[in-house]
Structure formats: structure tokens, C-alpha cells
Amino acid sequence: MIHPSSMIHPEAKIDPTVEIGPWCTVGPHVKIAQGTRLISHVVIEGHTDIGENNTIFPFTVLGAVPQDLKYKGEPTRLVIGNHNTIRESVTLNLGTVQGGGLTQVGDHCLIMAYTHLGHDCIVGNHCIISNYGGLAGHVTLEDYVIVGGMTGISQFVRIGAHAYIGGQSGLERDVPPFAIAIGSRPCSLKGANIVGLRRRGFPAETIQKINEAIKLWNRTDVQKEQCLLEIESQYGDYPEIQSFVNFIRKSETGVVR
């Protein structure tokens with residue numbers, strides 16, 4: 001299952017079912033679980049753990065050292081879950097000691113061509129990052145986030161579950177769950193991610209309440225805490241609204257409105 005042109009370090013832990021195509025390079029601290037496929041010209045370095053049934057396309061580089069001048073060769077990690085598709089020329093870097101030592105991708109994600117995940121990024125399950133996406137260090141994507149093409153996300157930004165980010169956006173603040181955000185300097189909310197929530201089985205009434213809560217949050221003439229208190233008083237019985245409010249209250253970088 002390993003093409004003779006590939007260079008696999010003898011200390012790498014490769015499941016016998018893994019398929020490694022031509023001209024791949026795998027370093028000594030790499031672990032790859034069953035069913036994963038490296039199509040060709042893939043480089044995997046560092047302390048990198050890759051789960052089951054992933055497909056990794058040509059010219060991808062996984063586990064390279066962080067693009068951070070503070071990194072001094074510490075044994076930080078990159079962990080990739082199961083059933084992910086990683087397309088051409090994607091780069092996923094190791095974590096840094098200062099950021100927790102871990103860059104992580106969950107399960108069932110699609111990471112499209114030329115995307116970069118910087119050090120200490122945490123990506124949840126069922127996420128899609130479209131072509132030319134750029135995530136700076138310490139970015140967090142919760143589950144079911146979709147990021148449009150050619151989008152840049154600044155360091156320490158969080159994007160809540162089920163959010164949709166329009167293409168060519170630039171994010172410098174957090175995006176709350178269930179919302180659509182688009183634009184750059186400033187990015188702004190456009191309402192609930194209605195199509196995505198419908199596809200995932202959210203009841204129509206819940207989607208309506210989420211959309212109304214986002215409209216309240218978008219009132220820039222009202223202070224943040226007053227907005228949140230109004231949202232809680234009107235829609236606090238819905239757990240999705242509580243998640244929305246809690247996400248905003250935990251923000252350290254500010255939240256898009």
C-alpha cells in the first residue's frame with residue numbers, strides 16, 4: 001500500500017490499511033490510522049496524528065513548524081480526526097507551547113485547496129473551509145461552520161456553531177452561532193443561517209426565534225448587555241438562544257454586529 005517512491009521513516013506508525021501514493025514523505029513522529037489515503041506528493045512532519053478514513057490530496061503539508069518566531073522546536077502537536085477530506089496544497093501547522101501546544105481538526109470536515117490553518121487553531125466537526133481560506137493562529141471554529149472562499153480570519157477569533165461566513169470576508173471579531181456574517185472591515189451579521197439550519201433539522205419556530213434574536217443583537221444603538229438581557233427575556237426558553245448569548249458573553253475580542 002506504499003508506493004516505492006515515497007519516503008516513510010521507519011519509526012512512523014502507519015496502519016497496514018493506509019494507502020500512500022507516489023512521492024510522499026512521512027516523518028518519524030507521525031501516526032496514521034486505518035483507511036487513510038495519501039494520494040501523492042504529501043508531506044507529513046512533526047508530532048502529527050491522523051485518524052481513520054481521511055483522504056489527503058497532493059502537495060498538502062501537515063505538521064510543519066508554526067509560522068511563529070516564538071517557536072523553538074518544542075514537540076507540539078497536530079491532531080486530525082476521522083473521515084476528513086483535505087484538498088490540494090493545504091497547510092496545517094503544529095501548535096505552540098504558548099497556545100496550548102495543539103492544532104486540531106475534528107471529524108467529517110472538508111478543507112478545500114490552498115487553505116492554511118495556523119498554529120493552535122481548533123476546528124470542530126462537519127466544518128467546511130473553502131478555497132484559499134486563511135486562519136491565523138489560535139482561531140476556533142465550532143461544529144458545522146462553513147467558511148467561504150478567500151476569507152481571512154485574524155488570530156484569536158471564534159466562530160460559533162452552524163455559522164456561515166460569506167466569501168472574501170475578513171474577520172477580526174467573533175461570529176456568534178447560527179448566524180451569517182459577510183464583509184471586511186467591518187464584517188457584519190446578515191441574520192440567521194436559515195438554509196443551513198433547515199438542512200440540519202432545526203424546527204422552523206426555533207429558526208425564527210434565532211433570527212429575531214440576531215436582529216435584536218444587531219441594534220447598534222443599544223449597549224451590548226442590554227441587548228443580551230432583552231434577548232434572554234424574550235427567547236431565553238430556547239437552548240439555542242442561551243448558546244448564542246453565552247457565546248457573546250465569553251468573547252474576548254468583541255462580536256460582530
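My aim in this report is to walk through the structure given alongside it, one point at a time. (Residues numbered from 1 in each chain as written. Predicted model: local features only at pLDDT ≥ 70, side-chain atom pairs only at ≥ 80, totals over all residues. Heavy atoms only, no water.)

**With respect to the overall build of the protein**
Moving on, step 1. The number of helices and strands found in the protein is 4 helices and 27 strands.
Moving on, step 2. Overall size of the protein, expressed as C-alpha extent along the three principal axes, is 65 × 40 × 30 Å.
Moving on, step 3. By the burial criterion, 49% of the 257 residues in the protein qualify as buried.
Moving on, step 4. Looking at the protein alone, contacts between residues at least 24 apart form 31% of all its contacts between residues at least 6 apart.
Moving on, step 5. With an accessible surface of roughly 11800 Å², the protein has 52% of that area assigned to carbon and sulfur atoms. (Helix = DSSP H or I, 4+ residues; strand = E, 2+ residues; numbered from the N terminus. Buried < 20%, exposed > 50% of the residue type's maximum accessible area, 1.4 Å probe, protein only. Contact = heavy atoms within 4.5 Å. Areas by Shrake-Rupley, 256 points an atom, 1.4 Å probe, with all protein chains shown as cover.)

**Considerations on the pattern of salt bridges**
Moving on, step 1. The full count for this structure, using the stated rule, is 9 salt bridges.
Moving on, step 2. For the salt bridge of Asp174 with Arg158, the shortest nitrogen-to-oxygen distance reads 3.2 Å. Residue Asp174 is located in the loop between β25 (170–171) and β26 (179–183), and its partner Arg158 is located in strand β23 (residues 158–159); the two are separated by 16 residues in the primary sequence.
Moving on, step 3. Residue classification places Asp174 among the buried residues on the basis of a relative accessible area of 1%.
Moving on, step 4. One salt bridge connects Glu172 with Arg185, and the closest N-O pair in it is separated by 3.3 Å. Of this pair, Glu172 sits in the loop between β25 and β26 while Arg185 sits in the loop between β26 and β27 (187–192), and the two are 13 residues apart along the sequence.
Moving on, step 5. Residue classification places Glu172 among the partly exposed residues on the basis of a relative accessible area of 43%.
Moving on, step 6. A cluster of three or more residues bridged by salt bridges with shared partners is formed by Glu225, Glu232 and Arg249. (Salt bridge = Lys/Arg side-chain N within 4 Å of Asp/Glu carboxyl O.)

**Some thoughts on the side chain of Asn93**
Moving on, step 1. If you trace the backbone, Asn93 turns up in strand β13 (residues 91–93).
Moving on, step 2. Of the polar contacts made by the side chain of Asn93, one reaches the side chain of Gln67; its length is 3.3 Å.
Moving on, step 3. In this structure, Asn93 is in contact with Ala64, Val65, Pro66, Gln67, Leu78, Thr103, His116, Leu117, Gly118 and His119, ignoring residues within four places of it in sequence. (Polar contact = N/O pair within 3.5 Å; in protein donor to acceptor, adjacent residues only side chain to side chain.)

**Some points on the pairing of strand β10 (residues 61–64)**
Working note: regular strand, side chains alternate between the two faces of the sheet.
Moving on, step 1. Bridging between strand β7 (residues 43–44) and β10 involves 2 bridges; their strand directions are parallel. Bridge pairing links Ile44 to Leu62 in β10.
Moving on, step 2. Sheet analysis places β10 next to β13, joined by 3 bridges and oriented parallel. Each bridged residue has a counterpart across the sheet, and for Leu62 the counterpart in β13 is Leu92. (Pairing = 2+ DSSP bridges.)

**Description of the nonpolar core**
Moving on, step 1. Within the largest apolar cluster, 66 residues are counted, with the highest numbers of intra-cluster contacts made by Leu141, Ile159 and Ile231.
Moving on, step 2. When contributions to this core are tallied by element, the ones reaching two or more residues are β11 (77–80), β26, β27, α2 (204–217), α3 (224–235) and α4 (239–249).
Moving on, step 3. Tallying contributions element by element places α2 first for this core, with 6 residues.
Moving on, step 4. The contact partners of Leu141, leaving out residues within four places of it in the chain, are Ile122, Val123, Gly124, Cys127, Ile129, Leu135, Val147, Ile153 and Ile159. (Core = buried A, V, L, I, M, F, W, Y, C linked by side-chain atoms within 4.5 Å.)

**What to know about the sheet that holds strand β8 (residues 47–50)**
Moving on, step 1. Taken together, 8 strands build an open sheet; the order of strands is β2-β5-β8-β11-β14-β17-β20-β23 and the sheet is parallel. In this open sheet, the two edge strands, each paired with only one partner strand, are β2 (13–14) and β23.
Moving on, step 2. Bridge count between β11 and strand β14 (residues 102–105): 4 bridges; the pairing is parallel. Across the sheet, the residue bridging to Leu78 is Thr103, located in β14.

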